[in-house]
Amino acid sequence: MKKDDFIKSILESSNSIKKVEPNIALWNKIETKIYEAENTISNINFWQIAASIVLLISVNAYFLFNQNSIDNKNTAQQLVKITNNQLYSYE
Amino acid sequence: MNSKKDLFTSIYEKNKGLVYNLSLHYVQNIEDAEEITQDVFLQVYQSLEKFKNNSSISTWIYRITVNKSLDYIKKKNSKKRFFVFGKKSENEHEYLSISSFNHPGIDLEDKENSKILFEAINSLTENQKTAFILSKIEELSNPEIASIMNTSISSVESLIFRAKKSLQEKLEQKFENYRKKK
């Protein structure tokens, strides 16, 4: 066989490709996929919800601990003030 | 809700052949083409409200099918590379090995020639491959291909020209190998 004939026969084989119909069961598979997609939380949504919860807890924890340290600081300052404002000296 | 389902059912009935056959040309394998067809119609269903009538529905579906098919091949290639411990293949498009060739639209007597043709098509770049398949196998016009590929008609002409040239070279090589073996 000559080179040109070989190439021509290969390229022309694309003309003989017939159209085929997909399996009837494919429709059921697509319906199942649609149902699953509609009834499950997507990965992105899941991680968005998880990240929001972590952020909320972190912010709460920060303010809670911060409030405690402010309270402690204020108490200490008041104690100092009281010590400094002693009216009588016992020495 | 029901009207969306009815609309989707009619879109599926009209376009199932288009999607299935086009994905078959990309992957040449029944199981993979069915997988792609499912993904395409899932996306069609989910994006039905977003579809703007700037292009025809078949152009839109062609575009989704092309993208899904190319993504599917990329995913398969990367999985294949993972299983050989990250060793990169010589050819990015080599996933479709001859052993997985199972195109139901090809008669037995044309199978050998078609195998060689698709092996050569699989070695083309993504754009050349898409332009060649849409033009020579799907028999679409250049303006239609340009609309599907979101490019100009002259770019499509150039892609088809380069695809043909590349195929010619690949087939010449094949012929030389074939002759040496004999």
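Residues numbered from 1 in each chain as written. Chains lettered and ligands numbered in written order. Predicted model: local features only at pLDDT ≥ 70, side-chain atom pairs only at ≥ 80, totals over all residues. Heavy atoms only, no water.

What follows deals with the overall build of chain B. The helix and strand inventory of chain B stands at seven helices and zero strands. Listing the helices and strands of chain B from first to last along the sequence gives α-α-α-α-α-α-α. The proportion of buried residues among the 182 residues of chain B is 48%. Pairs at least 24 residues apart make up 63% of the contacts formed inside chain B by residues separated by at least 6 positions. When the accessible area of chain B is evaluated, it comes to approximately 9,900 Å², of which 49% is carbon and sulfur surface. (Helix = DSSP H or I, 4+ residues; strand = E, 2+ residues; numbered from the N terminus. Buried < 20%, exposed > 50% of the residue type's maximum accessible area, 1.4 Å probe, protein only. Contact = heavy atoms within 4.5 Å. Areas by Shrake-Rupley, 256 points an atom, 1.4 Å probe, with all protein chains shown as cover.)

What follows concerns the packing of helix α1 (residues 3–12) of chain A against helix α7 (residues 153–181) of chain B. α7(B) packs onto α1(A) with a crossing angle of 120° between their chain directions and a minimal axis gap of 10 Å. In terms of their interaxial angle, α1(A) and α7(B) are classed as oblique. Where α1(A) crosses over α7(B), the two elements pack in a sense that is right-handed. Contact residues: α1(A) offers Lys3(A), Phe6(A), Ile7(A), Ile10(A) and Leu11(A), while α7(B) offers Leu167(B), Gln168(B), Leu171(B), Glu172(B), Lys174(B), Phe175(B) and Glu176(B). (Axes fitted to C-alpha atoms, helices over the stretch in contact; angles between N-to-C directions. Parallel < 35°, antiparallel > 145°, perpendicular 65-115°, else oblique. Left-handed = near helix turned anticlockwise from the far one by under 90°.)

Of note, Ser69(B) is situated in helix α3 (residues 57–83). For Ser69(B), the contacting residues outside a window of four places in its chain are Ser23(B), Tyr26(B) and Ile36(B).

This brings us to the nonpolar core. All names here are of chain B. Residues Phe8, Tyr26, Val44 and Ile121 are the most contacted members of the largest nonpolar core, which totals 61 residues. Looking at which element gives the most residues to this core, the answer is helix α1 (residues 2–27), with 10 residues. Sequence-distant contacts of Ile121, defined by excluding residues within four places in its chain, comprise Lys129, Phe132, Ile133, Ile137 and Leu167. (Core = buried A, V, L, I, M, F, W, Y, C linked by side-chain atoms within 4.5 Å.)

Bringing the interface of chain B and chain A into the picture now. With 40 residues of chain B at the interface, the matching set in chain A holds 26 residues. Summed over both sides, the interface of chain B with chain A buries roughly 3,200 Å², with 67% coming from carbon and sulfur. Three residues, Tyr12(B), Gln38(B) and Phe175(B), lead the burial of chain B against chain A; their summed loss comes to 19% of the area buried on that side. Linking chain B with chain A are six salt bridges, by the criterion used here. Among the salt bridges present, the one from Glu21(A) reaches Lys16(B), with a minimum N-O distance of 3.9 Å. On the surface where chain B and chain A come into contact, there are seven residue pairs in polar contact (both at pLDDT 80 or more). Within the residue set of the side of chain B that touches chain A, elements represented by two or more residues are α1, α2 (30–46), α4 (111–122), α5 (126–137) and α7 of chain B. Here the residues of the side of chain B that touches chain A sort into 17 nonpolar, 12 polar and 11 charged. (Buried area = accessible area lost by both parts, 1.4 Å probe. Salt bridge = Lys/Arg side-chain N within 4 Å of Asp/Glu carboxyl O. Polar contact = N/O pair within 3.5 Å; in protein donor to acceptor, adjacent residues only side chain to side chain. Nonpolar A, V, L, I, M, F, W, Y, C, P; charged D, E, K, R; others polar.)

A few words now on the environment of Leu11(A). Within the secondary structure, Leu11(A) is located in helix α1. Residue class for Leu11(A) comes out partly exposed when judged on its relative accessible area of 27%. Separated by 16 residues in sequence, Leu11(A) and Trp27(A) place their C-alpha atoms 34 Å apart. Apart from the residues within four sequence positions on either side, Leu11(A) is in contact with Leu117(B), Leu167(B), Gln168(B) and Leu171(B).

Before going further, it helps to examine the packing of aromatic side chains. In this structure the tally under the stated criterion is 10 aromatic pairs over all chains. Aromatic pair Phe6(A) and Phe175(B): ring centres 5.3 Å apart, planes at 50°, arrangement tilted. Of this pair, Phe6(A) sits in helix α1 while Phe175(B) sits in helix α7, on two different chains. On the accessibility criterion, Phe175(B) (3% relative accessible area) is buried. Centroid distance Trp27(A) to Tyr12(B): 4.8 Å. Interplanar angle 40°. Geometry classified as tilted. Here the residue Trp27(A) occupies a position in helix α2 (residues 25–39), and Tyr12(B) occupies one in helix α1, the pair thus bridging two chains. The class of Tyr12(B) is buried, set by a relative accessible area of 2%. Here the aromatic residues Trp27(A), Phe8(B), Tyr12(B), Phe41(B) and Tyr45(B) are joined through ring pairs into a cluster of three or more. Over the ring of Tyr45(B) we find Lys4(B); its NZ or CZ atom is 4.1 Å from the centre of that ring. (Phe/Tyr/Trp six-rings, centres within 6.5 Å; stacked < 30°, edge-to-face > 60°. Lys NZ or Arg CZ within 6 Å of the ring centre and 35° of its normal.)

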